[in-house]
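Observations on chain architecture
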Amino acid sequence: MSKTSIYGLTYEQLTDWLVEQGEKRFRADQVWNWLYKKRISNFNEMKNVNKETIELLDNSFVLHTLGEEIRQESKDGTIKFLFKLEDGNLIETVLMRFHYGLSVCVTTQVGCNIGCTFCASGLLRKSRDLSSGEIVEQIMNVQKHLDTMGNDERVSHIVVMGIGEPLDNFTNLMDFLHVVNDDRGLNIGARHITVSTSGLAHKIYEFADQDLQVNLAISLHAPNNDLRTRIMKINKAFPIEKLMKAVDYYLEKKNRRITYEYIMLRDVNDHREEAIQLANLINDHRHLAYVNLIPYNTVDEHIDYQRSQSESIQAFYETLKDRGINCGVRWENGADIDAACGQLRSKQIKKSKAV
């Protein structure tokens, strides 16, 4: 039997497993503390846990399923990690520094099937979902890197916006969220966690029914079906009408603000006409809407797309603001490294194939 990552277990799942093995329930508190507060690298480091329990854990689980292949550090403090999984696949994780804290962008799938025509993540098709343990371990590896720097820094925010569609890996995503949010461990507040989706409407309903108060972001990128279908294949299955019905349900259940991600593509979706359409689309619930305008990171494989000019971005922003839409422009972090999501992974795979 192959061993799985212990980070994949929620506190409740760990407790149940230990009890099933004949252990006392208090062992879960001890083990959880060593995993997430002390952040051990070996089960033998758990000083107040008896030898038999340590052997049981060591025979059943592993602490390391990700190996660091490449680490790129930007002048602005952004760090992009390329991790190799046990099966040889590569994933990206990014640490970003903001005035409000340290945010980590995690990956949920190996590759992506959503098929956004401008995105580096989708250059390689999805081969599998990540386990909950592999997602949690991305946070743990980044936090352990911060620990070694000795500056007493901690991951304070998480964005689930890396490679893949998070809501397409729903069960593992939810276990991950429960682990990192647990106040007995990493204690990353739900309101400091954002899950991004390309618009899987049926999963937004399911997400709205969960008891976690995490934030939702929707990668919209176009305000009408013709344009959105052209740049995002997912719109064929979940056109804007279906998506906005799911949004209505989410807002009714949660009464929480939704962020709409909008990549600014030159002469594609950055005209005043699209800005007006976008404002009209979300006007009815604009008090619970925030539009994040994102200047495009160019990708060699998508030469048809370029970043919108600064004047177009400013005009788009002002058009939204004039219509009462709360919005802002998000300039990229790590501009001097492989800034686009999936870019480093794609580049490294190409290098390995060329050898």
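Look up a bit, the structure's there.
Basis of the calculations
- Residues numbered from 1 in each chain as written.
- Predicted model: local features only at pLDDT ≥ 70, side-chain atom pairs only at ≥ 80, totals over all residues.
- Heavy atoms only, no water.
- Helix = DSSP H or I, 4+ residues; strand = E, 2+ residues; numbered from the N terminus.
- Rg over C-alpha atoms; globule rule 2.2 N^0.38 Å.
- Buried < 20%, exposed > 50% of the residue type's maximum accessible area, 1.4 Å probe, protein only.
- Contact = heavy atoms within 4.5 Å.
- Areas by Shrake-Rupley, 256 points an atom, 1.4 Å probe, with all protein chains shown as cover.
- Core = buried A, V, L, I, M, F, W, Y, C linked by side-chain atoms within 4.5 Å.
- Polar contact = N/O pair within 3.5 Å; in protein donor to acceptor, adjacent residues only side chain to side chain.
- Salt bridge = Lys/Arg side-chain N within 4 Å of Asp/Glu carboxyl O.
- Arc of directions from axis to C-beta.
- Pairing = 2+ DSSP bridges.

Thoughts on the overall build of the protein
Broken down by element type, the protein carries 12 helices and 14 strands. Here the C-alpha radius of gyration of the protein, 21 Å, is about what a compact globule of 355 residues would show, namely 20 Å. Principal-axis analysis of the C-alpha atoms gives the protein an extent of 70 × 50 × 40 Å. The proportion of buried residues among the 355 residues of the protein is 56%. Across the protein, every contact between residues at least 6 apart in sequence was considered, and the portion connecting residues at least 24 apart equals 66%. Counting only carbon and sulfur atoms, one obtains 45% of the accessible surface of the protein, whose full area is about 16000 Å².

Re the nonpolar core
Ranked by internal contacts, the top residues of the largest apolar core, which has 108 residues, are Ile158, Phe176, Leu177, Phe207, Tyr260 and Val291. Excluding its chain neighbours within four sequence positions, the residues that come into contact with valine 291 are Tyr260, Tyr262, Leu278, Ile282, Leu320, Ile325, Asn326, Cys327 and Gly328.

Comments concerning the environment of serine 308
Among the secondary structure elements, serine 308 is positioned in the loop between β13 (289-295) and α11 (310-322). What makes serine 308 buried here is its relative accessible area of 4%. The sequence separation of serine 308 and isoleucine 294 amounts to 14 residues, and the corresponding C-alpha distance is 9.5 Å. Serine 308 has contacts with Met264, Leu265, Arg266, Asp270 and Ile313, leaving out every residue within four places of it along the chain. Separated by 3.3 Å, the side chain of serine 308 and the backbone oxygen of methionine 264 make a polar contact. Within the structure, the side chain of serine 308 is placed 3.3 Å from the backbone nitrogen of leucine 265, a separation counted as a polar contact.

Section: the pattern of salt bridges
A full pass over the atoms with the stated rule returns 15 salt bridges. For the salt bridge of glutamate 73 with arginine 71, the shortest nitrogen-to-oxygen distance reads 3.9 Å. Arginine 71 gets classed as partly exposed once you look at its relative accessible area, which sits at 38%. When the shortest N-O distance is used, the salt bridge between glutamate 92 and lysine 80 registers 3.2 Å. A residue pair is termed long-range when its members are at least 10 positions apart, and glutamate 92 in strand β5 (residues 90-98) and lysine 80 in strand β4 (residues 79-85) qualify at 12 residues. The pair formed by glutamate 92 and lysine 80 is uniform in burial state, with each residue classed as buried. The structure contains a network of salt bridges with shared partners spanning Glu12, Asp182 and Arg184.

Some remarks on helix α3 (residues 51-60)
For α3, every residue scored as buried is listed here: Thr53, Ile54, Leu56, Leu57 and Ser60. Looking straight down α3, one finds its buried side chains confined to an arc of 160°; they lie on one side. Exposed residues pointing more than 90 degrees away from the buried face of α3 are listed as Lys51, Glu52 and Asn59. In this fold, the buried residues of α3 make contact with β1 (4-5), α1 (11-20), α2 (26-36) and β2 (61-62).

Quick word on the pairing of strand β6 (residues 101-105)
Among the five residues of β6, five are classified as buried, and the element is accordingly described as predominantly covered. Examined bridge by bridge, β5 and β6 share five bridges and lie antiparallel to one another. Within β6, the position partnered with arginine 97 by the bridge is leucine 102. Connecting the antiparallel pair β5 and β6 is a turn made up of two residues. Relative to strand β9 (residues 155-160), β6 runs parallel, the two sharing four bridges. Looking at the pairing, leucine 102 lines up with valine 155 of β9.

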